[in-house]
Amino acid sequence: DNARVADPATLTVELQGTAPAAPAINFSVTTPVLMVDGAAVFKGVDVGTPLSGTYKFTFVIPSSKFSPLGPSVSWSTFLDIEILSGDPYRLVFANNYTEGQLILTTSHIGGQVSPVFKLQVLDIAGSVVDFAQAQHAALAPYKLLSTTTVMRFGNATRAAQTDVALIPDLGGDNAVHASIGGAGAASTTEVGFDNFRIEVARHGVIYRVNFSSSADPTVLPTHVFVKAAGCASTKYGKYGELASICYDCPVGGVCDGSIYVGAQVGYWRNYAQNNESDAQLLADLKASGATGLRAGRRLLQVTSAPLPYDQYNSSDLYQFFQCRNVDACEGGLQSTCAVGYEGNLCSSCQAGYGGELTYCFECPSTAASVIFFVLFIVGVSIVFILLVYAALEDNRLFGKHNAESRYVSVILKLFWNYVQMTAIIVEFRLGFPRLMEVVLRAANSLSNFSIDFRSFNCLFGLDFFGRLVIYLLVPAGILVFTLLLFGSIWVYKKRVGKPTFIVEKVTTANVVITFLLYPTILRQLANSFLCREVLGNRWLEVQLDYLCNTDAHVQWMIVSGVTGGFYAFLLPLLALLVLFKHVYQGTLSSRECMNSLGFLYRGYRRSRWYWEVVIHLRRVAIVAIVIIGVKRPLLQAYVCLWVVVIALLLNIYFVPYSHEFINKLENFSLATVFTTINIGLLYNEVLAEGEWAKTVGDVLIWFLIILNFFCILLFALVFLQKLKVAIYARFDSDGDGEITFGEFWENLWNKKKRGDGGGDGNAPAPEPWNPGGAVEAEAKDA
């Protein structure tokens, strides 16, 4: 009955059992098939290449009112079809490895890979071939083969480099055999290559491990890439050397066990390494394999300095240099410099940046640079004028009543010694907080009259020797300036009938300014000799892009040596001999000697007239420490600490100053410098770690700030007291303790009336020199 059997029929297919995934079944007929003459014919059913297993074909006629089983029951029937695995087609890994993966060996010795490689054989549909099944029994045992080759690869973007001498082939029989199925086999579906190893694995070398069928070369092989796992995290290996050879990480380097060694922050090297990630390396390997190239390429790339192939493992690659400024060197594989820095050890400033000691700062506008430079000149001039004027006033008041209380220049000299010693601590790089370091750096530049600061360098752009020329010309320029200044004053006063001293004033002014400048000049001259060896060449320490020992540098060293000998030894020796002559002749207390050289011995007890030479030696020693120990700042700090301690002990033992309070003030200033260096060392070595240490460090830093402030306050109080006495001595004509406007105006212009001797050589004989009541002071000290 066609009416009863005309319902559409459908077909569904599913894989039975625990198959991992449903097969891909494709039907040529995608719509239900109508029954014709009691039959539904399904034509062109295509199951593709299904996995092996049992498939259930179910045919269904949906429920109909004519169904003999009831109006809601479908008619159905099914057919089970068993599909067996086909012939071996390709090899795959049975464990976590995938084809083309880059893996590491876990052991240096023998290059053992863990976990071991496990392989299976698949048919074209992806079914695992079981060699226990009847259709494959004849193939058992099914033999597999593993071979290892050194990868020598490249592509169009890389230079082809083949060096079999450096990275030799493995040589010998490195094949490893294994079988699936057969008598005594552990499994009929997979096999592990338990004996696989690379006996002579080398650092940085990529090996290709191929797995293939020994029985049928048409079976598709598989492969992985293997490289040595490297060394311990604190060591490194050299490209091409055996993986069992490892080296300790060099000083200044950062190691991770690989062939790549980066620079620590604060260190620099002349080479940059490009480290390819595993993903990048794997992509390059696949690209090389796709193009079929077999050209070699090293994995260790040095980009910043091209070297011959056989020098890539030279010691230079693993030699790091500590930067003068830690913040300038960012380290890493590229050994990059911070923004604003460039050159050897990142010691030079980029265009648009100005140097200041070892720092580079962005240049301000030209107008701002000019303003800062002018302010610097004004500040230096004020210091010069103040100290010269104080010295000249002390000369004028020599021999007068209570003159021992008017040593303003002595106080200023002591204060300047203290400031220079304190400010130089910034050279030791003790890791002080940023704010304190900025203050010390500014004080260092000002107290040493250094023109090596940002605004000056941005305006003029001079190198080290250009600045040295200025330092050498300044004393001569000041001599000419003082001759013109005091000569003009002398001519004017001679015309108005008030002659004054000229030679003594010029001498005093130049002695004072030389006192202020010679530590800076000595330091700059000594810098001419200080070179640092970097990669076989010697470079000037303060300008690491200037090559030492060239003809030009030798000429500069000759000039610096002669000038340095004059400032460091000849000039102090000459002054000492002149003073000794006056001591021997008994004329040390004469006005002529006091007006010319009084700045050098005023304020000292008569028996300690030579003490300025002791202070000179102390300043020379500190300059030498700063120069010679520039590569080892902590050593600088310790040696400087000993110098300060020796100076303090000498001052306590010899009591050189004629005033007890000035001796105590000098002792306190030296003790303050000693404490500042000591706490700086403690802060650097101990207190830089941990939260508790940071808190203690902050307390100590504030203690240093308060201590130095108190020391400066003491100097200020003593200076004001001496200044007050000097003012009253000059303007209080009647000695009543009050200065009237008339007295001020009269004494401002009439020096002769004040009894300064008029400078005409007809002055009354001065009182014998008794600075500070030397006899009484010596008795009191005793």
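Keep in mind the model is a prediction, meaning the values are calculated, not measured. (Residues numbered from 1 in each chain as written. Predicted model: local features only at pLDDT ≥ 70, side-chain atom pairs only at ≥ 80, totals over all residues. Heavy atoms only, no water.)

Notes on the overall build of the protein
Within the protein one finds 15 helices and 31 strands. Residue pairs at least 24 apart in sequence account for 68% of intrachain contacts in the protein once pairs closer than 6 positions are excluded. Per element, the accessible surface of the protein, about 38500 Å² overall, is 62% carbon and sulfur. (Helix = DSSP H or I, 4+ residues; strand = E, 2+ residues; numbered from the N terminus. Contact = heavy atoms within 4.5 Å. Areas by Shrake-Rupley, 256 points an atom, 1.4 Å probe, with all protein chains shown as cover.)

A word on the pattern of salt bridges
Under the counting rule described, the total for this entry stands at 5 salt bridges. Note that Lys235 is salt-bridged to Asp248, the shortest N-O span being 2.4 Å. Of the two residues, Lys235 sits in strand 15 (residues 235-236) while Asp248 sits in strand 16 (residues 247-248), which places them 13 residues apart along the sequence. Lys235 sits in the partly exposed class, given a relative accessible area of 27%. Take Asp248: its relative accessible area is 56%, and that puts it in the exposed class. Its salt-bridge partner being Lys413, residue Glu612 comes within 3.1 Å of it at the nearest N-O pair. Of this pair, Glu612 sits in helix 10 (residues 611-628) while Lys413 sits in helix 3 (residues 408-423), and the two are 199 residues apart along the sequence. (Salt bridge = Lys/Arg side-chain N within 4 Å of Asp/Glu carboxyl O. Buried < 20%, exposed > 50% of the residue type's maximum accessible area, 1.4 Å probe, protein only.)

Notes on the state of the cysteines
Counting across every chain of the model gives 7 disulfides. Shown here is the disulfide that connects Cys323 with Cys329, its sulfur atoms set 1.8 Å apart. On the S-S bond that ties Cys323 to Cys329, the torsion sits near -100°, and the link is left-handed. Comparing Cys323 with Cys329 shows no difference in burial state: the two are buried. What pairs with Cys349 in a disulfide is Cys360, and their sulfur atoms sit 1.9 Å apart. Disulfide Cys349 to Cys360: torsion about the S-S bond roughly -90°, handedness left-handed. (Disulfide = S-S within 2.5 Å.)

So, the sheet that holds strand 7 (residues 90-93)
The 3 strands lie next to each other as 7-9-12, forming an open sheet whose pairing is antiparallel. The sheet terminates laterally at strand 7 and strand 12 (190-192), the two strands that pair on one side only. On average, each strand axis in the sheet is inclined to that of its neighbour by 30°, with strand direction left out of account. (Pairing = 2+ DSSP bridges. Axes fitted to C-alpha atoms, helices over the stretch in contact; angles between N-to-C directions.)

Here we look at the confidence of the model for the protein
In the predicted model, the protein carries a mean pLDDT of 78, and the fraction of residues at 70 or more is 77%. This stretch, residues 154-162, has a pLDDT under 50; its non-local contacts, to residues over four places away or in other chains, come to 22 contacts. Ignoring residues within four places in sequence, the model shows residues 752-782, a span with pLDDT below 50, making 48 contacts including any to other chains. (pLDDT = per-residue confidence, 0-100.)

As for the packing of helix 6 (residues 464-495) against helix 8 (residues 551-585)
At a minimum axis distance of 12 Å, the contact between helix 6 and helix 8 shows a crossing angle of 30°. Classified by the interaxial angle, the pair formed by helix 6 and helix 8 is roughly parallel. In terms of crossing hand, the pair formed by helix 6 and helix 8 is left-handed. Taken together, the residues of helix 8 that come into contact with helix 6 (itself represented by Phe465, Leu468, Val469, Leu472 and Pro475) are His553, Trp556, Val559, Ser560, Thr563 and Tyr567. Partitioning the contact of helix 6 with helix 8 into residue classes produces 8 nonpolar, 3 polar and no charged. (Parallel < 35°, antiparallel > 145°, perpendicular 65-115°, else oblique. Left-handed = near helix turned anticlockwise from the far one by under 90°. Nonpolar A, V, L, I, M, F, W, Y, C, P; charged D, E, K, R; others polar.)

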